[in-house]
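Descriptive structure summary
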Amino acid sequence: MSNPIVQVRNLTKRFGDFTAVDNISFDIHKGEILGLLGPNGAGKTTTIHMLLGLITPSSGTIHMFGLDLAQHRETILQQVNFSSTYISMPFSLTVEENLKVVARLYSVKNMQQQVDSIIEKLEMEDIRTRLTRKLSSGQMSRLTLAKALMTEPKVLFLDEPTASLDPDIVDKIKAFLKEYQRNAGLSILYTSHNMREMEEMSNRIIFLQHGQIVAEGTADQIVQRYAQRDLEEVFLKLAREPKAQ
Ligand SMILES: Nc1ncnc2c1ncn2[C@@H]1O[C@H](COP(=O)(O)OP(=O)(O)OP(=O)(O)O)[C@@H](O)[C@H]1O
Ligand SMILES: [Mg+2]
């Protein structure tokens, strides 16, 4: 197999004497969608924040495109983007203005064309001129996803990107991301609390519990290993296990 696009080794994050992410290692390959699964507080967002260079790991290493994030932050982050339902944006700008700010920051070529194209793909024509502070949470999710995709990243971190979207747009966004993954060879790290979505989207899944990886494999492999009917049952089983001391 080719060299991984993202290589995480022995990554740990402590907040005071609390360990949020506990010595995890994993790879993401080109064109792969890796699902990061786990109960509230398992360490998913903390892991993504370390991968984005937003917080500094307590120990361990992160390499992307063969480069160490600690030393090549700018080069790496130009090729990476992020979307989350819980992100904040300049609220006094319109949707289109926000997208243009991002396009300028990332030196996106053919800016107006790219903005128009992403607005069309994510069905945002009706909110193009609306102020960002007036958006519903689902419209906001679409805007943050548009922002992330417009920069044509090689790696995309999606932290609960579909959390407040209606089923129709979730379905379209899933299809859109899959197509993007196939055509652009985009690698994605994805979190969601919707198990069916996890099964459909992820080529491989990592299950985090108390900051540690407790299961890893395809959805089918994980379901079989735990002798459950589906991922939701595995989730309930693992999430309800007491923490090993
Ligand atoms: N800045 C911080 N200071 C102290 N503790 C923190 C900080 N950030 C996160 N934590 C703690 O680290 C743990 C992991 O949080 P994290 O946000 O990574 O969980 P998560 O897996 O994303 O959960 P969710 O499914 O609820 O989004 C939680 O117990 C959280 O309270
Ligand atoms: Mg989270």
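Reading the values: rules and limits
- Residues numbered from 1 in each chain as written.
- Chains lettered and ligands numbered in written order.
- Predicted model: local features only at pLDDT ≥ 70, side-chain atom pairs only at ≥ 80, totals over all residues.
- Heavy atoms only, no water.
- Phe/Tyr/Trp six-rings, centres within 6.5 Å; stacked < 30°, edge-to-face > 60°.
- Helix = DSSP H or I, 4+ residues; strand = E, 2+ residues; numbered from the N terminus.
- Domains from an automatic or database assignment.
- Contact = heavy atoms within 4.5 Å.
- Buried area = accessible area lost by both parts, 1.4 Å probe.
- Salt bridge = Lys/Arg side-chain N within 4 Å of Asp/Glu carboxyl O.
- Axes fitted to C-alpha atoms, helices over the stretch in contact; angles between N-to-C directions.
- Parallel < 35°, antiparallel > 145°, perpendicular 65-115°, else oblique.
- Left-handed = near helix turned anticlockwise from the far one by under 90°.
- Nonpolar A, V, L, I, M, F, W, Y, C, P; charged D, E, K, R; others polar.

Observations concerning the packing of aromatic side chains
- Taken as a whole and judged by the stated rule, the model has two aromatic pairs.
- Judged by centre distance (5.5 Å) and plane angle (50°), the rings of F207 and F235 are tilted. One end of the pair, F207, is in strand β9 (residues 204-209); the other, F235, is in helix α9 (residues 231-239), with 28 residues separating them in the sequence.

Things to note about the domain arrangement of the protein
- Its domain assignment divides the protein into domain 1 (1-79 + 153-218) and domain 2 (87-152).
- Using only C-alpha atoms to locate each centre, domain 1 and domain 2 end up separated by 23 Å.
- Taken together, the contact pairs 17 residues of domain 1 with 15 residues of domain 2.
- Summing both sides of the interface, domain 1 and domain 2 together bury roughly 1300 Å²; the carbon and sulfur share of this comes to 66%.
- Our count for the domain 1 to domain 2 interface comes out at one salt bridge.
- Where E123 meets K172, a salt bridge forms, and the shortest distance between an N and an O atom there is 3.1 Å.

Side note on the packing of helix α4 (residues 111-121) against helix α5 (residues 137-150)
- In contact at an axis separation of 10 Å, α4 and α5 are set at 135° when each is read in the N-to-C sense. Judged by the angle between their axes, α4 and α5 are oblique. Here the hand of the crossing between α4 and α5 comes out right-handed. Listed contacts from α5 to Q114, V115 and I118 of α4 are A146, L149 and M150.
- Residues of the contact of α4 with α5, tallied by class, amount to five nonpolar, one polar and no charged.

Topic: the packing of helix α3 (residues 95-105) against α4
- Running from N to C, α3 and α4 cross one another at 130°; their axes reach a closest spacing of 10 Å. When the axes of α3 and α4 are compared, the pair comes out oblique. Viewed along their axes, α3 and α4 form a crossing whose handedness is right-handed. For the pair α3 and α4, contact is made by E96, L99, K100, A103 and R104 and by M111, Q112, V115, I118 and I119, respectively.

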